[in-house]
Structure formats: C-alpha cells, structure tokens
Amino acid sequence: MGISGEQALDCFRSEDLVGLGMEADAVRRRLHPEGVVSYAMGCKVECAAVAALDKVYAAIGESVERGGTGLRLDFGGADGDAVAAVLRGVRQRFPGVWIEGLSAAELIAIAKGWGLGVSETIARLRDAGLDAICGDGADLADSGRAEWCSVAEWVAVHRAAHGLGMRTTAEMVFGGGETLEQRVEFLGVVRRLQEETGGFAAFVPVAADAPGGRELDGVTAMERLKTLAIARMFLDNIENVQTIGAAQGLKVLQMGLRFGGNDVGPVAQGAGSEEDVRRIIRDAGFRPAQRDAAYRAMMLS
C-alpha cells in the first residue's frame, strides 16, 4: 500500500528533497529490481484538418523510419467524423503503429456531437483505429477552462476506456494554480480507479509550464522532482511512472530516475536523440531498454 493522503501532504510540505528521493527510489527498486529504465520511440503529429493528411502521413513515416512504434495525434478540436477519418487513414497506411489521441474533454465533446455515450464513442473510434486515449485533461484546480474537464468527468472517460479493454496513462498537470490538497486528491482518485480497473499502464506528472501543460506559473526543478517522488510513493499500484520529460532538460530527466521514475517516455525529434537518452540512463546507473508505445515488449540496448 502506498503512502496515505496525509503523508503525501506532509511530503509536499517537506524541505527534505534528498530524503524524498531516497524513499521514492526504494519503491522503484521494489517494483523494478532489474535496474532497467525504459523509453519509447514516437512522435506527436498535428492533424486537425483532413485536407492535410499527406503531411500527417509524411510525419508519421519519418518517425517509423527512425524506429517509432507509436504516435500521439493532436486533433485540435476536430469533430468526430473528421477524427474517425484521420484514424482510418493512419491505420490503413501504418497498421503496426500504436495510435494515441484525444483527451477526456475532447472525447466528451465528440460524444455529445454524435449523440452517443462516452463508452460507445470510444468504441467507435477504437474501431476506426484508436488504440489509446490521452491521459491529460483533468482540471485539478476547478478553473472551468473549456479545454479541460472536471476530475469526475476525466475518471468516467478513463473508466469507460478501461471497461473496453483499453489501457491508458494518467497524466497530472501540476503547478497550474491547484492547491496541494487538490493535487493529492487527484492522486487518490487515480489510485482508486487503478484498484477498480487495473487499466492504467503508467502515471505521468507534467509541469504546467511544459509543452502540453497549462503554461501558467513557472515550476521549479525541486517541485518537479518532489511531485515525481510523491507520485511514485503514493501510486505503488501503477507499474510505471515517467520521469520529468526531456523538455525540462536532460539533466533534470536524469535526476528523476533517482526520484522514482522508471521510464523516460517517448523520444521525439527535437527533445534529444535516442543515443542521448540511452546515455543519460546509463550514466544514472541503469540499463536502457526500448519499449513499444503500449508499455509491453522491451529490448535491452
């Protein structure tokens, strides 16, 4: 059993960063005694317009050529029919690539547009080619922003996906105005849903000023590492926890491997080369292993 909510709050208020890192590292070693850190080759592709599909296919093709096994599609608020058309096109041309896309808020909007329930909507998009939904989109701070949804709605979407046999990741955007209590409350929500469904393959902490975050307040390296460590100690029922992304700097990413992280996420163009990532994993004392986008097969390198 992971640490309690009260203990997590105490950890957030603690100034003993080294001690938190040691405790989180102990949990990582218990769950991953083999000393392996995984990474994936992938890319993120903007595909809001069906008319631009040739560019989408070209970007995916470049990723596949460099060993990419998965991709994250950003549909930019496209309607359900357009999303399904893109998915069918990508699946037809790249049958072996793992396709992730659509946040909980976007899925809710598509479901409303189609007049279907969330589960039926996910099933229809899965049949078009979608393998997994994105883990972001939960509004921890109750800000009411249109592009995010409430935590309850986020949970309902992921529960529906898990019920269809679709494994997902849980992403927590932190440092965007939420309180420490709201942060811990969300961790508790994730832990309880994992106990219920077992459907989360990984937990991913994302700083608010990182690409894809809310881009509000700056988040210090100390807060990034502290949040990572607390997540690892709290969510001991989720196998994988991603370290702080390469966009925060390869050095911070490397430090995260001693604060509970056992995976560095996808290696995308512009965020450091694959060899850079393998090197920082080795320099941190671990063996790098390339995994597929679904957190399944791993190949030591």
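Residues numbered from 1 in each chain as written. Predicted model: local features only at pLDDT ≥ 70, side-chain atom pairs only at ≥ 80, totals over all residues. Heavy atoms only, no water.

### Section: the overall build of the protein chain
At step 1: In terms of regular secondary structure, the protein chain is built from 11 helices and 9 strands.
At step 2: In the protein chain, the share of contacts with a sequence separation of at least 24, taken over all contacts with a separation of at least 6, comes to 74%.
At step 3: When the accessible area of the protein chain is evaluated, it comes to approximately 12600 Å², of which 52% is carbon and sulfur surface.
At step 4: Between the averaged position of the 32 positive side-chain charges in the protein chain and that of its 42 negative side-chain charges there is a distance of 4 Å. (Helix = DSSP H or I, 4+ residues; strand = E, 2+ residues; numbered from the N terminus. Contact = heavy atoms within 4.5 Å. Areas by Shrake-Rupley, 256 points an atom, 1.4 Å probe, with all protein chains shown as cover. Lys, Arg positive; Asp, Glu negative; His and termini not counted. Charge placed at Lys NZ, Arg CZ, Asp CG, Glu CD.)

### Quick look at the confidence of the model for the protein chain
At step 1: Here the protein chain shows a mean pLDDT of 89. Residues at 70 or above account for 91%.
At step 2: Considering each helix and strand of the protein chain separately, the mean pLDDT is smallest for strand β9 (residues 298-300), with a value of 70, and largest for helix α8 (residues 180-197), with 98. (pLDDT = per-residue confidence, 0-100.)

### Quick word on the nonpolar core
At step 1: In this structure, Leu-73, Leu-125, Trp-154 and Phe-203 are the most contacted members of the largest nonpolar core, which totals 81 residues.
At step 2: The residues touching Phe-203, leaving out its near neighbours within four places in the chain, are Ala-170, Met-172, Leu-187, Val-190, Ala-231, Leu-235, Ile-238, Asn-240, Val-241 and Gln-242.
At step 3: Grouped together as the second largest cluster of nonpolar side chains are 12 residues, Tyr-39, Leu-257, Ala-284 and Phe-286 included. (Core = buried A, V, L, I, M, F, W, Y, C linked by side-chain atoms within 4.5 Å. Buried < 20%, exposed > 50% of the residue type's maximum accessible area, 1.4 Å probe, protein only.)

### As for the pairing of strand β7 (residues 263-267)
At step 1: The element β7 is largely enclosed, with a buried count of 4 among its 5 residues.
At step 2: By the bridge criterion, 3 bridges tie strand β1 (residues 36-46) to β7 in an arrangement that is parallel. Bridging from a neighbouring strand, Ala-40 pairs with Pro-266 of β7. (Pairing = 2+ DSSP bridges.)

### Observations concerning unusual backbone geometry
At step 1: A positive phi angle, close to 75°, is found at Leu-102, a residue other than glycine.
At step 2: Looking at where Leu-102 falls in the secondary structure, it is placed in the loop between β3 (98-101) and α5 (104-114).
At step 3: Within the chain, Asp-142 stands out as a residue other than glycine whose phi angle is a positive 55°.

### Topic: the packing of α5 against helix α6 (residues 118-128)
At step 1: Running from N to C, α5 and α6 point in directions that differ by 95°, and their axes come no closer than 9 Å. One way to sum up the angle between α5 and α6 is to call them roughly perpendicular. Counting all contacts with α5, which are made through Leu-107, Ile-108, Ile-110, Ala-111 and Trp-114, the residues of α6 involved are Val-118, Thr-121, Ile-122, Arg-124 and Leu-125.
At step 2: Residues belonging to the contact of α5 with α6 are distributed by class as follows: 8 nonpolar, 1 polar and 1 charged. (Axes fitted to C-alpha atoms, helices over the stretch in contact; angles between N-to-C directions. Parallel < 35°, antiparallel > 145°, perpendicular 65-115°, else oblique. Nonpolar A, V, L, I, M, F, W, Y, C, P; charged D, E, K, R; others polar.)

### Details of the environment of Gln-7
At step 1: Within the secondary structure, Gln-7 is located in helix α1 (residues 5-13).
At step 2: As a C-alpha pair, Gln-7 and Met-233 span 226 residues in sequence and 9.9 Å in three-dimensional space.

### With respect to the pattern of salt bridges
At step 1: Going through the model one piece at a time under the given rule, you end up with 17 salt bridges.
At step 2: Residue Asp-236 pairs with Arg-30 through a salt bridge whose shortest N-O separation is 3.7 Å. Here the residue Asp-236 occupies a position in the loop between α9 (221-234) and β6 (240-241), and Arg-30 occupies one in helix α2 (residues 17-31), the gap between them amounting to 206 residues.
At step 3: Here Asp-236 falls in the buried class, since its relative accessible area comes to 15%.
At step 4: Among the residues examined, Arg-30 registers a relative accessible area of 51% and is labelled exposed.
At step 5: For Asp-131, the salt bridge goes to Arg-91, with nearest N and O atoms at 2.6 Å. Of this pair, Asp-131 sits in the loop between α6 and α7 (151-163) while Arg-91 sits in helix α4 (residues 80-93), placing them 40 residues apart in sequence.
At step 6: A cluster of three or more residues bridged by salt bridges with shared partners is formed by Asp-25, Arg-28, Arg-29 and Arg-258. (Salt bridge = Lys/Arg side-chain N within 4 Å of Asp/Glu carboxyl O.)

### Quick look at the sheet that holds strand β5 (residues 200-207)
At step 1: Spatial strand order, β4-β5-β6: 3 strands in an open sheet with parallel pairing. If you trace the sheet from one side to the other, it starts and ends with β4 (168-174) and β6, each paired once.
At step 2: Note: β5 against β6, 2 bridges, orientation parallel. Looking at β6, one finds that Ala-202 is bridged to Asn-240.
At step 3: Each of β4 and β5 touches α7; the most contacted strand, β4, lies at about 165° to it.
At step 4: Together, β4 and β5 form the strand contacts of α8, whose direction differs from that of β4 by roughly 175°.

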